[in-house]
Amino acid sequence: MRMLSALALAASLAVAPAFASAAQASDNVSNGGVPVAMPSASAKQRFIDDLIARMTLEEKIGQLRLISIGADMPQPKLIKEIAAGRVGGTFNSVTRSENRPLQDAAVKQSRLKIPIFFAYDIVHGHRTVFPISLGLASSWDMTVVKQAARVAAQEASADGLDATFAPMVDISRDPRWGRTSEGFGEDPYLVSQSARASVQGFQGTSPANPDSLMAFVKHFALYGAVEGGRDYNVVDMSPMRMYQDYLPPYRAGIDAGAGGVMIALNSVNGTPATSNKWLLRDLLRDEWGFKGVTVSDHGAIEELMRHGVAKDGREAAKLAIEAGVDMSMADQQYLKQLPDLVKSGDVPIRFIDDAVREVLGAKYDMGLFADPYRRIGNAPQDPKDVYADDRLHRDAARDIARKSIVLLENQHDALPLKKAGKVAVIGPLADSKLDMMGSWSAAGKPAQAVSLLQGVRDTLGDKGQVTYARGANITDDPRVVEYLNFLDWDNPEVVQDKRTPQQMIDEAVQVARNADTLIVAVGESRGMSHEASSRTSLMLPGSQLALLQALKATGKPLVVVLMNGRPLDLNWSKVNADAMLETWYAGTEGGHAIADVLFGDYNPSGKLPISFPRSIGQIPTYYNQLRIGRPFTPGKPANYTSQYFEEDSGPLYAFGYGLSYTTFDVSKVKLSAKTMTIGATVEASVTVRNTGKREGETVVQLYLQDVAASIVRPIKELKGFQKVSLKPGESRTVQFAIDERSLKFYNAKLQYVAEPGDFNVQIGLDSQNVQQATFTLK
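Predicted model only: the values in this text are computed from it and were never measured.

A. Structural context of the overall build of the protein. Across its full length, the protein holds 25 helices and 27 strands. By the compact-globule yardstick of 28 Å for 778 residues, the protein fits well, its C-alpha radius of gyration being 27 Å. Its C-alpha atoms give the protein principal-axis dimensions of about 80 × 65 × 55 Å. Looking at the protein residue by residue over its 778 residues, the buried ones come to 61%. Within the protein, counting contacts between residues at least 6 apart in sequence, those at least 24 apart form 78% of the total. For the protein, the exposed surface amounts to about 28900 Å²; the carbon and sulfur share of it is 50%. Here the protein contributes 85 positively and 88 negatively charged side chains, and the mean placements of these two sets differ by 3 Å.

Listed below in structure tokens is the structure:
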């Protein structure tokens, strides 16, 4: 009954002098995940209006500050700042015992006892680390994406966290960009579906639930389109391309109920996102109707001076608050500049009040006014060991990781391997638990992860013999090693073997000669696919390529296991490997999951959410490019067509591509009608048959092509997909409903329209190999 009494109290706050006493609040503890019914919107508004009316200007500005414990401010100083009402939220403290003193300072010591919230970058898992987002998207299974977010929310909320700066839904079409690993790929439809599923997983039925987190969709906007793939760079883009390709995922996350938005670090058509009124007010709030809280990225308001749009901190703070930046992350300028800006009349108080209203509203929606200790609980409830293995969700991590793996090559059915004989596990990533975690692995501990070597050993057991050799360093370039280790020299992420490259290769070759099969783990250290880790090459580092070439020369079957956070140049491996698996960074149970696929305990079903170019010179390579007047057509003369004459056109591995240990056949497309009117629906169907000898899953993909329109339209666009499981010889009819919305696009006037004309319906198992039929919109 304590929770109910707190809710009743919250509903009557408009006439109460304060929301609750600290003693009352601290008696309320997490209710074990039972959904909480929050008061009405009108009660929320009355409460917030009353609270704002009682706040001083300094207290209002304090609510707009988001501070990192440790990185921005040591805990003793942070406690004083919170008690003085000068902090609205914190991030990077990840246990109840860390957060409780901070909340105590807010609700027991500050004048108005306004609770703070605790946030963290929980992108693909909290303590249990799931595959990176690019891997989750490879499942093409939204139940998987949602489950990963739900488990992460349960674990993080149990640690006292209220919000996550996720999902990251930036469209990425330049794999040189290091943050490609954090997103869901290149396609607006697939990324939008993933954004929606992630928000639903993080927030559950309500962000007020004790086992839910408030989701902050990021990075708004267009961050994945930075020029040259260089992190933090500029974006210059037509409005049509924005609306058609890059904005839909943010809109999908917001429409799914995300309570927050993190603002991007890049400029958009000459104006930094952090000071972009069109982006944050006209589009986000007025056009889309977003009612939540916006937060800058780390230090972004300060960076307005380096962008060259603010001459000093005063102007930077003024630009940001007027543009619609509610909270300043790692704040320096709001606290320093806003008081005098308001007192001098240069910034109307309504801008401050509007921002404070959104911050308080987010806290209200998190349930913190009803119970500031909703997720922190009382000290006796704290886990005895926050790192205990029984707090992890290993079964879910293993299952999800298996579904994220993409089989790229399997010559002469080299896979699955038999659980017998001598297997050599080789490569600089073969025994790395740290790299298995991937970038932004939150509170996950590498010591609790399963390496590929361990996974193979556990799977084979006493049925075979496993040997190991490192074979090469990740890279032999000291400059790269220095860059990757710059954050923490005491605990370097990349540790170099002191032997010479040739000594390491010689050992690996000797191990290989005594084995029946070679499993070679190559790719990137996790720091190579991370924020601020843009690359000028997609090649494997020379040390790793030399290792592969030496192992190939042994004549032993070569199975390449890739670990990476972006598409790589895989030309050599495509030609020379007997089998190749794209495993991304597979998370806590990655080693077991990969071994399950290698030895046939799981039949791979992943599909690529991003195209793999043949070379860096082909970038950008994405499947839904706009049509052109002189397209290259395979089998026809290439002169005076759009292509690169030094190499084959088209991607090395196409969007939507992925093999299985069985084979599938797709019938011709059947349409329920040859014509369609506005408001009606056409059903498109195919029959999918398992023509192989194993049970397996595949992803049936629907693409549409607008044959002729008022503007140039893409070659094709993904509009639906379904994952089906079939036994050998089994067939199933897969149906897609095509409605008016499926045909809509933004025209030259930015009107969202469906134009009459012919549409090609393409259905297949990847973006290139499809069956086609045509209908007409009247």
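B. Looking closely at the domain arrangement of the protein. Each assigned domain of the protein is listed here: domain 1 (57–369), domain 2 (406–605) and domain 3 (664–777). With 12 residues of domain 1 at the interface, the matching set in domain 3 holds 17 residues. At the boundary of domain 1 and domain 3, one finds 0 salt bridges. The tally of links from domain 1 across to domain 3 stands at 3 residue pairs in polar contact (both at pLDDT 80 or more). Those elements giving two or more residues to the side of domain 1 that touches domain 3 turn out to be α9 (188–203) and α10 (239–246). Split by residue class, the side of domain 1 that touches domain 3 holds 7 nonpolar, 3 polar and 2 charged.

C. Just helix α16 (residues 349–365), in detail. The first and last C-alpha atoms of α16 sit 24 Å apart over 17 residues, in line with the 24 Å expected at 1.5 Å per residue. Those residues of α16 that fall on the buried side of the exposure criterion are Phe 351, Ile 352, Asp 353, Ala 355, Val 356, Glu 358, Val 359, Leu 360, Gly 361, Ala 362, Lys 363 and Tyr 364.

D. Region of interest: helix α5 (residues 75–83). Listed in full, the buried residues belonging to α5 are Leu 78, Glu 81, Ile 82 and Ala 83. Where α5 is buried, its residues touch β1 (65–68), β2 (89–91), α6 (96–109) and α15 (333–343). Remark: Gly 85 follows α5 within two positions and exhibits a positive phi of approximately 80 degrees.

E. Inspection of the UniProt feature "domain: Fibronectin type III-like" (unreviewed entry) in the protein at higher detail. Feature annotation in UniProt assigns "domain: Fibronectin type III-like" (unreviewed entry) to the following positions: residues 698–767. Measuring from the first to the last C-alpha atom of residues 698–767 gives 14 Å, for a span that is 6% helix and 57% strand.

F. A look at the sheet that holds β1. The strand order β9-β6-β5-β4-β3-β2-β1-β10 describes an open sheet built from 8 strands, whose pairing is parallel. Single-partner strands in this sheet number two, and they are β9 (293–295) and β10 (328–329). Pairing of β1 with β10 involves 2 bridges; the strand directions are parallel. By the bridge assignment for β10, Arg 65 is matched with Ser 328.

G. Region of the structure containing the pairing of strand β21 (residues 696–706). Of all the 11 residues making up β21, 10 are buried; the element is thus mostly covered by neighbouring parts of the structure. Alignment of β21 against strand β22 (residues 717–726), held across 9 bridges, turns out to be antiparallel. By the bridge assignment, Val 700 is partnered in β22 with Gln 722. Alignment of β21 against strand β26 (residues 757–764), held across 6 bridges, turns out to be antiparallel.

H. Here's a closer look at the packing of helix α21 (residues 501–513) against helix α22 (residues 542–552). Between α21 and α22, whose axes approach to 10 Å, the crossing angle comes to 35 degrees. With respect to the hand of their crossing, α21 and α22 are arranged in right-handed fashion. Across the interface between the two elements, Ile 505, Ala 508, Val 509 and Ala 512 from α21 touch Ala 546, Leu 547, Ala 550 and Leu 551 from α22. The residue makeup of the contact of α21 with α22, split by class, is 8 nonpolar, no polar and no charged.

I. Spatial organisation of the layout of surface pockets. Quantified by volume, the second largest pocket comes out at close to 1100 Å³. As for the second largest pocket, its lining consists of 27 residues, of which Gln 625, Phe 632, Gly 650, Pro 651 and Ile 715 are closest to the centre.

J. Structural detail: the nonpolar core. Within the largest apolar cluster, 136 residues are counted, with the highest numbers of intra-cluster contacts made by Phe 220, Leu 247 and Ile 352. When residues in this core are grouped by element, the largest group, 9 residues, is from helix α8 (residues 142–158). Both of domain 1 (57–369) and domain 3 (664–777) provide at least three residues apiece to this core. Leaving out residues up to four positions away in the same chain, Leu 247 has contacts with Phe 220, Ala 221, Leu 222, Met 242, Leu 283 and Trp 288.

K. Up close: the packing of helix α3 (residues 41–53) against α16. One way to put it is that α3 packs onto α16 with a least axis distance of 10 Å and a crossing angle of 130 degrees. Put simply, α3 runs oblique to α16. For the pair α3 and α16, the crossing hand works out as right-handed. For the pair formed by α3 and α16, the contact residues are Ala 43, Lys 44, Gln 45, Phe 47, Ile 48, Asp 49, Leu 51 and Ile 52 on the first element and Asp 353, Val 356, Arg 357, Leu 360, Gly 361, Tyr 364 and Asp 365 on the second. Within the contact of α3 with α16, the residues separate by chemical class into 8 nonpolar, 2 polar and 5 charged.

L. Highlighting the confidence of the model for the protein. Summary statistics for the protein give a mean pLDDT of 94 and a share of 95% for residues scoring 70 or more. In this model residues 1–32 is a low-confidence stretch, pLDDT under 50, and it forms 64 contacts with partners more than four residues away in sequence or in other chains.

M. How the structure looks around the pattern of salt bridges. Within the structure shown, the criterion is met by 46 salt bridges. Residue Asp 353 pairs with Lys 60 through a salt bridge whose shortest N-O separation is 2.8 Å. Linking Asp 353 in helix α16 with Lys 60 in helix α4 (residues 57–62), this pair joins segments that are 293 residues apart in sequence. Assessed through its relative accessible area of 9%, Lys 60 is described here as buried. Note that Lys 108 and Asp 104 form a salt bridge whose closest N and O atoms lie 3.6 Å from each other. In this pair, Lys 108 and Asp 104 both sit in helix α6, 4 residues apart, roughly one turn of the helix. For Lys 108, a relative accessible area of 44% gives the class partly exposed. Residues participating in the shared-partner salt-bridge network are Arg 398, Asp 399, Arg 402, Lys 403 and Asp 596.

Conventions and cut-offs
- Residues numbered from 1 in each chain as written.
- Predicted model: local features only at pLDDT ≥ 70, side-chain atom pairs only at ≥ 80, totals over all residues.
- Heavy atoms only, no water.
- Helix = DSSP H or I, 4+ residues; strand = E, 2+ residues; numbered from the N terminus.
- Rg over C-alpha atoms; globule rule 2.2 N^0.38 Å.
- Buried < 20%, exposed > 50% of the residue type's maximum accessible area, 1.4 Å probe, protein only.
- Contact = heavy atoms within 4.5 Å.
- Areas by Shrake-Rupley, 256 points an atom, 1.4 Å probe, with all protein chains shown as cover.
- Lys, Arg positive; Asp, Glu negative; His and termini not counted.
- Charge placed at Lys NZ, Arg CZ, Asp CG, Glu CD.
- Domains from an automatic or database assignment.
- Salt bridge = Lys/Arg side-chain N within 4 Å of Asp/Glu carboxyl O.
- Polar contact = N/O pair within 3.5 Å; in protein donor to acceptor, adjacent residues only side chain to side chain.
- Nonpolar A, V, L, I, M, F, W, Y, C, P; charged D, E, K, R; others polar.
- Expected span 1.5 Å × (residues − 1).
- UniProt positions renumbered as here; feature names shortened; annotations may be inferred.
- Pairing = 2+ DSSP bridges.
- Axes fitted to C-alpha atoms, helices over the stretch in contact; angles between N-to-C directions.
- Left-handed = near helix turned anticlockwise from the far one by under 90°.
- 1 Å grid on protein atoms, 1.4 Å probe; cavity = no way out; pocket = protein on both sides within 12 Å on 5 of 7 lines; lining within 4 Å.
- Points joined across faces, edges and corners; volume = space filled by probe spheres on them.
- Core = buried A, V, L, I, M, F, W, Y, C linked by side-chain atoms within 4.5 Å.
- Parallel < 35°, antiparallel > 145°, perpendicular 65-115°, else oblique.
- pLDDT = per-residue confidence, 0-100.

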